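# Reading the structure
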Amino acid sequence: MTTVAPDSNRATQDGAQHGAERSSTSRLTGQSRALRSGPGRGKALRSATRGRPRLFTSYDQDSALLNTSAKRWWTLAAISIFLVLPFWLTRDLSHLLSVAMVMAIAGVGLNLLTGYAGQISLGHPFFMALGAYTGAVVAGVPGSIVIGWEFDLSIALVLAAVIPGLVGLVVAPLATRVRGLYLAVLTLGLLMLGEQLFKQWASVTGGSGVGRAGAVPVLFGNDLERTYAVGPLLIAPHVSLYLLCLTLLVVLAVAARNLARSRTGRAFAAVRDRDIAAEVMGVNLLRTKTLAFVLSSAYAGVAGCLFAILIGRVAPEQWNILMAINLLAIVVIGGVATISGTLIGAAFVVLLPRILEWLAPWLPFVSTGSGGLITVFQLESILFGALIVLFLILEPRGLFGLWHRVRTYFATWPFSY
Amino acid sequence: MATVASTLLAGLGDGAVYALIAVSFVIIFRATGVLNFAQPGLLILGTYVTSVLAVDRGVPFWVAAVIAVLVVAAISMGIERVAIRPMIGRPVFSTALVTVGIFIVLLILAFRLFAARARTIADPWQLEQWCLVQGETLCAVSLYQHHAGKIAVVAVVLGLLGVWLSRSRVGLAMRATSLDQEAALAQGINVGRMFSLSWALGGGLAALGGILLAANGSVVQANDALFALVALPALILGGIDSLRGAVVGGLVIGLVSALSSTYQPIHAPWLGPNFENVAPYLVMILVLLIRPYGLFGTKEVQRL
Amino acid sequence: MSQRTTPRRLLAAAAATGLILSACTAVDEDPDTDDEAIAAEEPDAPADDEPSDEDTTDSSDSTDDAEDTEDPAAGGDITTGDGVTEEACPEAVNPDNGCIYLGVLSDLTEGPFAALAVPITDAQRAYWAQVNEAGGIAGFDVDIDTYTRDTKYQPAEHAAAYQQIEPNILAIAQSLGTVNTESVLSDMDANDIVAVPASWWSGYAFSENDHGLIMETGYSYCVEAMVGLDWYGESHGEITSIAAVGYPGDYGGDSAAGAQLWAEQNGVDDVTVIPTGPNQVTGGQDAVVSAVMAAQPDVVLLAVGPAENAEIVGKLAGGGFTGRFLGSLPTWNPALLESAAAPALVGLYNHLAPTEQWDGTSAGTEAMKASLDGELPANGGYIIGWVMNYPMHALLEKAADSGDLTRAGVRAAMDGLEVDFDGMAEAITYGGEGAEVAVSGLIVGTPNAEAPLGIETTNEFFSGPSFEAIGYDQACSASS
């Protein structure tokens, strides 16, 4: 982190009458106490800022979560739309959206680790499984061989974050020793060992090929599997699960975004970009990498717990490399080191097969049975793979990059450069 | 004693195939810095082409195998040209994910081609075996010809590959490219062609791996493609950019997996069934704890 | 500062949601009825589905006051609900008939069971096409294409696909995989959706595992092991030692559990359970070969895939092993007779199946052969797929006869339903528990290159004494 002598700041600030000039210096220094305690507390006149959304008059403003009013309005609009959506969509589409949101939670966690801190992990499904089984044991019903304590979902969700986090803490020192693809395959090893453990531990997981149900969604004493009425509004079970996922996603995504702009987030980025340089600047490598690991594991745990509830039943085999690759796809397609990108990426990966399903029957040479040239299902899968390839070749920075380009185009219109 | 010997021989036979597949990963990684997740697809296409030629068309096995390797090498080269070349200079994640996309496409293609059929490849070894130590009634230590054949084929192919890489002009150019692309370019090496060549080699070796996998006296189906991913611990154990490491890693993993499948159920049953599937990963993790770049991997030079 | 308030606003929104959730009141105690009520209150699906389900969603509006349909064939009134329309099926054979929509959730592309599931699904399409040609069921054609979905054998995909097709189907004609089926079971219970599984887990015979919704065809792998061993004892002499080789879980695990129960019953102590994995993971079956060689059992039960089967049998025979092999239903593939293991398989291996094989003579088998015009399918999956439709067909007819083709009516019709499979499999009476609903009729086959699909039937349906003696009061392998 850069520290600039405060007196030089003060001099600039005193001399500067112009908002733009002040903004540029505050952007440079960041830590200027003078700006914060000065007469205007870094605030420019409204008349000066109107119509100039990117005019920041303080570091706080520049690094705020939603630093332009356009972003604020868009976020508000998006959240409102997503709040209303389940009341309007069919049950299966809101289920699909819930799955997408859960995958987004896991993706945000993975992005903290892979995107921000630069540690590639293929072991994320292992932590999701930990969360799922923690949730199932704490808030699930006992069966003939599986245990379940039937506590409230709120306790289960907290523990589903804490226990994977703790395991992440144990594993992290191991993982911090290796880098790059070595780490990727090391975490894949973790996934394989975990699968073996889960298959063996039938009293928790139900055993291989059979599995067990997830947590029972009783939140704060309210059974979410019943329908509730709020005034004229009926909240069906799938809607309340959707709202639960949405709430957690929003809270966790905002928390991640907030973390990314903090000192810790900058430490993550420093470690990612050149870890030795980061160490020289005083970033504690072990601590930073461990923190990234623990946080992302906790995110994965929460996602796993919700995932098991949504899917209904989870078996040890399903936390496999394919799921790891799906998560990685969410992060990369959405855009590495962007939270909003991850949200779009999750929607892309989860919803694209459904969109292809609608499109495929319109394409030639397809049949439902296996007699024809290619079945509609094979075509869907091939298109899914091909679209990933095409997309990454054309837009390597992910969906966020695409959005960024569109935004820049309109922001600078009519001057395209 | 007899069991140990049989187990070690079987382990070496499987290990040879792991080594071959690990080498195919390494060659592609060294040239383009990509962990190629499409290898399983290339592997199973090699099996398929051999099967179609050798069984359905009656072409002699060796001819069929060579044709299959060439066909898959050409496909692999095509993939590099179309999908990987545009990704040069892009983040490693993105390129790896491109190969995942290709993997999905190739896998579905393989499923369509196999059309729910199991296939054989008419290999010359079948289920013949040599008896090395005669027991009282049965053979005490036997060696399946297909294990011996796998070891022999892999030894010859990798030996030739090693000589070619270290002696021939093109081989040296390939190594130079993998060391430093810009310097190689400055020396007049056509780096693009080297990329194509590496992918062709990697694809061809994967196809050969698929052919050897199928030479087990039994049948193969389309989802046997995923076998290629079993070589990942071998790859990391040896060091991701080392050919020697890949060979050693492959053999080690083959032995570890054979030994643990024979002895773990007897001596450590609490580890659960099928522990041999994860034993390679356990060994890999232990090795990485001591040597973070695998046994023979190049240490990344770290600069500020 | 104003931008500081936005995160707070987000949190406030989240908190408000939480408060609403905790403050609101339950509408009704019975989840069944209010599901329907919601379905009726909710607006239609946005116009993003195929046109056909516009109609079905419309009809769901009138779920509770179920409509009466004119029924030209039977003349009586049949109550219908979700999943049944008065409009004809897409590309209907009988344009004047209504349409019953059945769902199929199967592994149709890249999952581990695609090689078996694709012929199963083909057979189901052929079966219902034939039913429709013959006039359908009580004035309705049956459509299974519209709601066929590929689940890739993943519970997540299965659950999503179920949610997607559920509003528009009457029942599920194929639900592949134990975990997958169980994952949506509580939803199926709430929606009264009956399903035919394409998995043979012993747990389906017990309503604690299937809520009385699953119509299994043939025996479970557990029963298969018991009866198979009985058959072996009768035809090949006394058994003193057994090895059970298989994939752990609902397949090999169930089979091994059956072998152990049988051994307990018959006083055999020497049972070796050898777990293994598919070749794509283990690379080969040499460990199994040496373990069997060391144990030297009289008989080896195999619950693996075809490739693993051939390798194990071939290598053991080559090594001088003299015991015999009993292979479970999915261990066979006609291509095995092209492999190097063919002589060993012909000599030492028997295939166990709950249904007649392609060379069977029953009316059902003849109809199945006719559906392919003398061609052979890729493998025996086609037989399974064909047999699986008999319970669903009988169930729909019974429900239609009693005038109630709603989901609840179909579910109710399952109790006491007798299905004779046209002789292709042992008759089952559905609705009971354990041994009441489990059957044990076993067809043993011997590999023979001359026979269709490489398997020649060696006996009539066989049911040994052990199965009845053991009793069947809980699932053999883990259930949770």
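Residues numbered from 1 in each chain as written. Chains lettered and ligands numbered in written order. Predicted model: local features only at pLDDT ≥ 70, side-chain atom pairs only at ≥ 80, totals over all residues. Heavy atoms only, no water.

Residues and elements named next belong to chain C. Neither face of strand β13 (residues 324-327) is left uncovered, since the one carrying R324 and L326 and the one carrying F325 and G327 both have all their residues buried. Inspection of the sheet shows strand β12 (residues 299-303) paired to β13 by 4 bridges, in the parallel sense. Across the sheet, the residue bridging to V299 is R324, located in β13. Pairing between β13 and strand β14 (residues 349-353): 3 bridges, direction parallel. When the sheet's bridge partners are listed, F325 is paired in β14 with Y349. (Buried < 20%, exposed > 50% of the residue type's maximum accessible area, 1.4 Å probe, protein only. Helix = DSSP H or I, 4+ residues; strand = E, 2+ residues; numbered from the N terminus. Pairing = 2+ DSSP bridges.)

Moving on: unusual backbone geometry. All names here are of chain C. Despite not being glycine, D373 has its phi angle at roughly 55°, a positive value. Mapped onto the fold, D373 is located in the loop between α15 (363-371) and α16 (381-387). Its identity is not glycine, yet F421 carries a phi of approximately 55°, on the positive side. For F421, the position within the fold is in the loop between β16 (418-419) and β17 (428-429). Judged by its relative accessible area of 0%, F421 falls in the buried class.

A separate point is the packing of helix α10 (residues 243-267) of chain B against helix α11 (residues 279-290) of chain B. A pair of packed helices is characterised by two quantities: the angle between their axes and the separation of those axes. Residues and elements named next belong to chain B. One way to put it is that α10 packs onto α11 with a least axis distance of 9 Å and a crossing angle of 130°. Considering their axes alone, α10 and α11 lie oblique with respect to each other. For the crossing formed where α10 meets α11, the hand is right-handed. Contacts between α10 and α11 involve I253, V256, S257 and S260 from the first element and A279, P280 and V283 from the second. Across the contact of α10 with α11, the residue classes break down as 5 nonpolar, 2 polar and no charged. (Axes fitted to C-alpha atoms, helices over the stretch in contact; angles between N-to-C directions. Parallel < 35°, antiparallel > 145°, perpendicular 65-115°, else oblique. Left-handed = near helix turned anticlockwise from the far one by under 90°. Contact = heavy atoms within 4.5 Å. Nonpolar A, V, L, I, M, F, W, Y, C, P; charged D, E, K, R; others polar.)

A word on the state of the cysteines. Counting across every chain of the model gives 2 disulfides over all chains. In this model C89 of chain C forms its disulfide with C99 of chain C; the gap between the sulfur atoms is 1.9 Å. As the torsion about the S-S bond is roughly 100°, the C89 of chain C-C99 of chain C disulfide counts as right-handed. Residue C89 of chain C is found in the loop between β4 (84-85) and β5 (98-106), and its partner C99 of chain C is found in strand β5; the two are separated by 10 residues along the sequence. Its relative accessible area of 8% is what places C89 of chain C among the buried residues. C222 of chain C shares a disulfide with C476 of chain C; S-S distance 1.9 Å. Its S-S torsion of about -75° marks the bond between C222 of chain C and C476 of chain C as left-handed, since a negative value means left-handed. With C222 of chain C in helix α9 (residues 221-236) and C476 of chain C in the segment after α19 (466-470), this residue pair connects regions lying 254 residues apart in the sequence. Cysteine C245 of chain A is unpaired, with the sulfur of C305 of chain A as its nearest cysteine sulfur at 10.0 Å. Classification of C245 of chain A as buried rests on a relative accessible area of 1%. (Disulfide = S-S within 2.5 Å.)

In short, the description is geometric, and any link to function would need to be established separately.
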